[in-house]
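Summary of structural features
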Amino acid sequence: MNEPAAGAGSGAAPHETTGVLIARARAGDTLAGQRLLARLLPVLRRWARHRFPSHIRDARDTEDLVQDVLLRAFRRIDSFENR
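The text that follows walks through the structure, step by step, so that each part is easy to find.

Turning our attention to helix H2 (residues 30-49). Residue pairs three or four apart in sequence face the same way in an α-helix, which turns once every 3.6 residues. With 20 residues, H2 should cover 28 Å at 1.5 Å per step; its first-to-last C-alpha distance of 28 Å lies within 8% of that length. Of all the bends in H2, the greatest, near 30 degrees, is centred on Leu40, and the proline Pro42 appears no more than four residues after it. When we look at burial in H2, the residues that qualify are Ala32, Gly33, Arg35, Leu36, Leu37, Ala38, Leu41, Arg45 and Ala48. Where H2 begins, one side-chain oxygen reaches toward the backbone nitrogen of Leu31, 3.0 Å away; that side chain belongs to Asp29.

The next thing to look at is the nonpolar core. Within the largest apolar cluster, 12 residues are counted, these being Leu21, Ile22, Ala25, Ala32, Leu36, Leu37, Leu41, Ala48, Val66, Leu70, Phe74 and Ile77. Broken down by secondary-structure element, the contributors of at least two residues to this core are helix H1 (18-26), H2 and helix H3 (59-75).

The rules we used
Residues numbered from 1 in each chain as written. Predicted model: local features only at pLDDT ≥ 70, side-chain atom pairs only at ≥ 80, totals over all residues. Heavy atoms only, no water. Helix = DSSP H or I, 4+ residues; strand = E, 2+ residues; numbered from the N terminus. Expected span 1.5 Å × (residues − 1). Bend = angle between axes of the 7 residues up to and from the residue. Buried < 20%, exposed > 50% of the residue type's maximum accessible area, 1.4 Å probe, protein only. Polar contact = N/O pair within 3.5 Å; in protein donor to acceptor, adjacent residues only side chain to side chain. Core = buried A, V, L, I, M, F, W, Y, C linked by side-chain atoms within 4.5 Å.

Have a look at this one:
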């Protein structure tokens, strides 16, 4: 997922914090949710890629796992506590 360039109709300013995007996504702002996913996916992919043992690591599997976990988290965004 590529993050749209600032001003490309994303509906979110590039300086918006993750907390602001979470609040907007909770309020039903689909564009804020998309921008949040675009921001978090690459970071979580890199994190997960280095956590799996090399003998079971497959880039496709890592990608699927990260997307699945992130989508499950988004389904429960209303109960997320930003600490």
